[in-house]
Amino acid sequence: MATVLDGSTARRLGGLEIHRQDFPILATRRNGKPLVYLDSAATSQKPLAVLEAERQFYETANANIHRGVYHLSAEATRLYDEAREKLARYLGAEHAHEVIFTRGTTEGINLVAQSWGRANLKPGDEILLTEMEHHSNIVPWQLVAGQTGAVVKAAPVTDRGELDLDGFKKLLNGRTRVVGIGHVSNALGTINPVREVADLAHGVGAVVMVDGAQSAPHLPVDVKALGADFFACSSHKMLGPTGMGALYGRAELLDAMPPWMGGGDMIDQVTFERTTFAPLPAKFEAGTPNIAGAIGFGAAAEYIQGIGREAITAHEHTLLEYATAAVSDVPGLRVVGTADQKASVLSFVMDGIHPHDIGTILDDDNVCIRAGHHCAQPLMRRLGVPATARASFALYNTEADADALVKALHRARELFG
Ligand code: C6P
């Protein structure tokens, strides 16, 4: 049974309901059942503002950027540059050229590992991560460790899924050159104390790579206040199109870094003997970029800011608390990840039912959740579970979605006994 809401909670939950109509997919039904989309940590749904921005670009301004002398190319370039400024504002970057457009968080972290890492790491240097990192913030570092002789270490997490700060401090030392940390864990929802970690890392001269894939959509992000040297995020988790992302880097770091991909648009002069490179941000954007994607991404950032990130954070927090209380009534269900500070993710296991079976049964009720290791195998191993079922919330979810989740979980319980 769902927890009964008091009046003020209900009002707060209803506060963002008006925005549901901006997301056409939420009005779809399957077998007569409304869509209950609880997998926004995997990818978010898209509002009309984003769909329209891309459509309008293709209908009225489509041309390649930085190349044509004709008006259409100038307009495409203007829209692309404007999108970068929107993302810089969204992330709190001081300069637009500190924002590099990428294909997503994964590419952003690989860029830092391959460009900064290969130029700066040497044998014996240490790369300090945490046990709750997504594979995207592990594997790129292992690759560059293999190339440079550096070593990857992982700071421990507690049974509740919080970073063990003492354990982190024990591993941090003068050999630590880079600290990689997820702002919000995709598997558990834990919000990490990034500022504290960044201050400690800077104290030993390390640079800080923040994986912002799960924080940029849900929390007010200010890269300066966080102390991030690098911050990567994905458009598709932030109501924007797929195949698009942003990497923030401090200008003096990016300036000193070599390009990691070569091609058109990133050069100054090319001869067969030698090439000189364009200034930021072009140095890191070889080839024709995802122009429409950038414009859609900018529209998504603007849409979120129009609603207000504080309001979104508060809404999702209330919903997470509501859903967490409500699922506790399901027999044999255990929440995995009970950190004090959490955002938007509810991971759980159920006695006698594999998470994949939970996901399949819920799908009969048109309730979409994710089941699996969530690309965080070391974390699953640490917590002693092969996989979890995960419901994740966004600004368009309501208490009715949480109620549908709980109802479907009771049905799963009945089916499996
Ligand atoms: N997490 C999830 O269901 P890309 O694929 O590059 O947009 O994002 C990768 C990534 C990096 N870090 C974190 C913390 C993430 O959550 C993700 C993507 C999805 O949890 C797909 S595995």
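Calculation rules
Residues numbered from 1 in each chain as written. Predicted model: local features only at pLDDT ≥ 70, side-chain atom pairs only at ≥ 80, totals over all residues. Heavy atoms only, no water. Helix = DSSP H or I, 4+ residues; strand = E, 2+ residues; numbered from the N terminus. Contact = heavy atoms within 4.5 Å. Core = buried A, V, L, I, M, F, W, Y, C linked by side-chain atoms within 4.5 Å. Buried < 20%, exposed > 50% of the residue type's maximum accessible area, 1.4 Å probe, protein only. Pairing = 2+ DSSP bridges. Axes fitted to C-alpha atoms, helices over the stretch in contact; angles between N-to-C directions. Near = heavy atom within 4 Å. Polar contact = N/O pair within 3.5 Å; in protein donor to acceptor, adjacent residues only side chain to side chain. Areas by Shrake-Rupley, 256 points an atom, 1.4 Å probe, with all protein chains shown as cover. Nonpolar A, V, L, I, M, F, W, Y, C, P; charged D, E, K, R; others polar. Left-handed = near helix turned anticlockwise from the far one by under 90°. Patch = residues over 30% accessible without salt bridge, like charges linked within 9 Å, V, L, I, M, F, W, Y side chains within 5 Å. Salt bridge = Lys/Arg side-chain N within 4 Å of Asp/Glu carboxyl O. 1 Å grid on protein atoms, 1.4 Å probe; cavity = no way out; pocket = protein on both sides within 12 Å on 5 of 7 lines; lining within 4 Å. Points joined across faces, edges and corners; volume = space filled by probe spheres on them. Arc of directions from axis to C-beta. Disulfide = S-S within 2.5 Å. Phe/Tyr/Trp six-rings, centres within 6.5 Å; stacked < 30°, edge-to-face > 60°. Lys NZ or Arg CZ within 6 Å of the ring centre and 35° of its normal.

1. Section: the environment of Met209
When you line up the elements, Met209 lands in strand β8 (residues 207-211). It is 23 Å that separates the C-alpha atoms of Met209 and His373, two residues lying 164 residues apart in sequence. Leave out the neighbours within four places in its chain, and Met209 touches Ile109, Val112, Asn137, Trp141, Val179, Gly180, Ile181, Phe230, Phe231, Ala232 and Leu247.

2. A few points about the nonpolar core
Counting 76 residues, the largest nonpolar core has Leu91 and Phe231 as the members making the most contacts within it. A per-element tally of this core places helix α10 (residues 291-307) first, with 11 residues. Core analysis: the next-biggest nonpolar cluster, separate from the first, contains 29 residues, Tyr322, Ala326, Leu362 and Ala408 among them.

3. Comments concerning the sheet that holds strand β6 (residues 151-155)
With mixed pairing, the seven strands of this open sheet are ordered in space as β4-β10-β9-β8-β7-β5-β6. With partners counted over all chains shown, the strands left at the sheet margins are β4 (99-102) and β6, one partner each. The average undirected angle you get between the axes of adjacent strands in this sheet is 20°. In terms of strand pairing, strand β9 (residues 230-234) meets strand β10 (residues 245-249) through five bridges, oriented antiparallel. Note that in β10 the partner of Phe231 across the bridge is Tyr248. Packing of helix α4 (residues 105-120) onto the sheet brings it into contact with β4, β7 (176-182), β8, β9 and β10, and relative to β9 it is tilted by some 155°.

4. So, the sheet that holds strand β16 (residues 370-372)
As summarised here, the arrangement of the four strands in space is β13-β14-β17-β16, forming an open sheet in which the pairing is antiparallel. Of all strands in the sheet, those with a lone pairing partner are β13 (333-336) and β16, marking the two edges. Going across the sheet, the axis of each strand differs from the next one's by a mean of 30°, ignoring polarity. Bridge analysis of strand β14 (residues 345-350) against strand β17 (residues 388-392) gives four bridges, and the strand direction is antiparallel. If you follow Phe348 over to β17, its bridge partner there is Ala389.

5. Observations concerning the site of the ligand
Taken together, 16 residues form the shell around the ligand, and within it Thr106, Asp211, Gln214, Ser234 and Arg370 come nearest. Contact distances for the ligand include 2.7 Å between an oxygen atom and a side-chain N or O atom of Gln214. Burial of the ligand by the surrounding chains reaches 86%, relative to a free accessible area of 510 Å². Among the residues making up the shell around the ligand, the classes are represented as four nonpolar, eight polar and four charged.

6. Some points on the packing of helix α12 (residues 355-364) against helix α14 (residues 399-416)
At a closest axis distance of 9 Å, the pairing of α12 and α14 adopts a crossing angle of 120°. The crossing of α12 and α14 is right-handed. For the pair α12 and α14, the contacting residues are Asp357, Ile358, Ile361, Leu362 and Asp364 in the first and Leu405, Ala408, Leu409, Arg411, Ala412, Leu415 and Phe416 in the second. Class assignment for the residues of the contact of α12 with α14 results in nine nonpolar, no polar and three charged.

7. With respect to a nonpolar patch on the surface
There is a patch of nonpolar side chains on the surface, built from Ile267, Val270 and Phe277 and spanning about 240 Å² of accessible area. In this fold, Ile267 is placed in strand β11 (residues 267-270). Judged by its relative accessible area of 31%, Ile267 is partly exposed.

8. So, empty space enclosed by the protein
Counting across every chain of the model gives one cavity of 30 Å³ or more. Computed from the structure, the largest cavity encloses a volume of approximately 50 Å³. Ser40, Ser44, Pro217, His218, Lys237, Met238, Leu239, Ile304, Glu316, Ala394 and Leu395 together form the lining of the largest cavity. Of the residues belonging to the lining of the largest cavity, the class tally is six nonpolar, three polar and two charged.

9. A closer look at α12
Within the sequence span of α12, burial applies to Pro355, Ile358, Gly359, Ile361 and Leu362. Each buried residue of α12 lies within a common arc of 170° when the element is viewed along its axis, so the set occupies one face. Turning to α12, the residues buried within the fold contact β14, β15 (367-368), β16, β17 and α14. At the C-terminal side of α12, Asn366 shows a positive phi close to 60°.

10. Quick word on the state of the cysteines
Overall, the coordinates contain zero disulfides when judged by the stated rule. With no disulfide of its own, Cys375 lies closest to Cys233 among cysteine sulfurs, the gap being 18 Å.

11. A few points about the packing of aromatic side chains
For the coordinates displayed, the defined rule picks out five aromatic pairs. With centroids separated by 6.4 Å and ring planes inclined at 50°, the aromatic side chains of Phe101 and Phe297 adopt a geometry described as tilted. On the criterion of sequence distance, the pair formed by Phe101 in strand β4 and Phe297 in helix α10 is long-range, its members being 196 residues apart. Across this residue pair, the class does not change: Phe101 and Phe297 are buried. Over the face of the ring belonging to Tyr90 we find Arg309, whose NZ or CZ atom lies 3.8 Å from the ring centre.

12. Things to note about the pairing of β9
Note on strand geometry: in a regular strand, side chains alternate between the two faces of the sheet. Counting buried positions along β9 yields five of five residues, so the element is predominantly enclosed. Burial along β9 is two-sided: Phe230, Ala232 and Ser234 facing one way and Phe231 and Cys233 facing the other are all buried. Bridge count between β8 and β9: three bridges; the pairing is parallel. Within β9, the residue paired with Met209 across the bridge is Phe230.

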